[in-house]
Amino acid sequence: MAGSGRLALQTLPVSGWVRGSGSALLSRLKDVAVVRPGFLSKDEEETLSRELEPELRRRRYEYDHWDAAIHGFRETEKSRWSEASQAILQRVQVAAFGPGQTLLSPVHVLDLEPRGYIKPHVDSVKFCGATIAGLSLLSPSVMRLVHTQEPGQWLELLLEPGSLYILRDSARYDFSHEILPDEESFFGERRVPRGRRISVICRSVPEGIGPGQLPPAC
């Protein structure tokens, strides 16, 4: 696989919201790299967007990140939510996390401008646990996962507004993930035009972290 640009065309045909380099990989990762389209209703998506907009508007878009992973973004950590938004986040917890998993109490909110993107990276195991789950608002995007040791193994996730994506275990630790920039934003042969995108990301606490020892955001 090339380091950038579109993947070679000799891949599986587009199917649903997840495509990949082979049927064996798709089968192996079907429970650890998950997309749930339509998880949010339009009203729920608007509820979250309205609540986040005043806080995000006070921040400027940035073009460098502490680990050089994100371009054209603004972000915040949010612990207090309205009752309606809290009910949505509770649904995310039930859908994505096991009963024994503790969530980081601040929810990570990432706002990408239309030209913004996330470069390939693997989240540090010091900062996030085995599961992350993200709600996508405003704009569709394509998330690409590439195996860190075997770059010929890859997945692409189509993240429509209102969808929920879940990455667990090997999808978290053995694959880099990225959000493609607008000029590379294709899902198979389908063009996926990028606009402004907000993601609301819930994360499990890393193993071995006890009360009062919560790590910074990943």
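Everything below is about the structure shown above.
Residues numbered from 1 in each chain as written. Predicted model: local features only at pLDDT ≥ 70, side-chain atom pairs only at ≥ 80, totals over all residues. Heavy atoms only, no water.

On to the pattern of salt bridges. Considering all chains together, one arrives at 14 salt bridges under this definition. The salt bridge partner of E113 is R115, with a shortest N-O separation of 3.5 Å. Residue E113 is classed as buried on the basis of its relative accessible area, which comes to 8%. Each of the salt bridges in this network shares a partner with another, and the network as a whole consists of E53, R74, D111 and R196. (Salt bridge = Lys/Arg side-chain N within 4 Å of Asp/Glu carboxyl O. Buried < 20%, exposed > 50% of the residue type's maximum accessible area, 1.4 Å probe, protein only.)

What follows concerns the pairing of strand 5 (residues 131–137). Burial runs high along strand 5: 7 of the 7 residues are buried. Summarising the sheet, strand 5 and strand 8 (residues 164–168) pair through 5 bridges and their orientation is antiparallel. Bridging across to strand 8, G134 finds its partner in Y165. The pairing of strand 5 with strand 12 (residues 197–203) spans 6 bridges and is classified as antiparallel. Its bridge partner lying in strand 12, L135 is registered against V200. (Helix = DSSP H or I, 4+ residues; strand = E, 2+ residues; numbered from the N terminus. Pairing = 2+ DSSP bridges.)

With that settled, consider the nonpolar core. Soluble globular proteins tend to pack their nonpolar side chains together in the buried interior. Counting residues in hydrophobic clusters, the biggest one holds 23 residues, and the most contacted among them are I70, M143, L145, L157, L159 and L167. Where this core is concerned, the elements lending two or more residues are strand 2 (33–36), strand 3 (70–78), strand 4 (107–121), strand 6 (141–147), strand 7 (154–159), strand 8 and strand 9 (175–179). Residues L48, F97, L164 and C202 belong to the second largest nonpolar core, which totals 22 residues. (Core = buried A, V, L, I, M, F, W, Y, C linked by side-chain atoms within 4.5 Å.)

What follows deals with the pairing of strand 7. Successive side chains on a regular strand alternate, one facing one side of the sheet and the next facing the other. Taken across its 6 residues, strand 7 has 6 buried, putting it largely inside the fold. Burial along strand 7 is two-sided: W154, E156 and L158 facing one way and L155, L157 and L159 facing the other are all buried. The pairing of strand 1 (residues 18–20) with strand 7 spans 3 bridges and is antiparallel. Across the sheet, G20 pairs through a bridge with L155, a residue of strand 7.

Turning to the packing of helix 2 (residues 42–57) against helix 3 (residues 83–96), a few remarks are in order. Two elements in contact, helix 2 and helix 3, have axes whose closest approach is 10 Å; the angle formed by their N-to-C orientations is 120°. Classified by the interaxial angle, the pair formed by helix 2 and helix 3 is oblique. Pair helix 2 / helix 3 crosses with left-handed handedness. Of the residues in helix 3, those touching helix 2 at E44, T47, L48 and E51 are A84, S85, I88 and R91. When the residues that make up the contact of helix 2 with helix 3 are grouped by side-chain class, the tally is 3 nonpolar, 2 polar and 3 charged. (Axes fitted to C-alpha atoms, helices over the stretch in contact; angles between N-to-C directions. Parallel < 35°, antiparallel > 145°, perpendicular 65-115°, else oblique. Left-handed = near helix turned anticlockwise from the far one by under 90°. Contact = heavy atoms within 4.5 Å. Nonpolar A, V, L, I, M, F, W, Y, C, P; charged D, E, K, R; others polar.)

Attention now goes to unusual backbone geometry. The phi angle at L138 is positive, at roughly 80°, despite the residue not being glycine. Take L138: its relative accessible area is 40%, and that puts it in the partly exposed class. In this structure, D169 is a non-glycine residue whose phi angle is positive, near 50°. For D169, a relative accessible area of 41% translates into the label partly exposed.

This part covers the environment of F186. Mapped onto the fold, F186 is located in strand 10 (residues 186–187). Between the alpha carbons of F186 and E156 there is a distance of 9.5 Å; along the sequence they are 30 residues apart.

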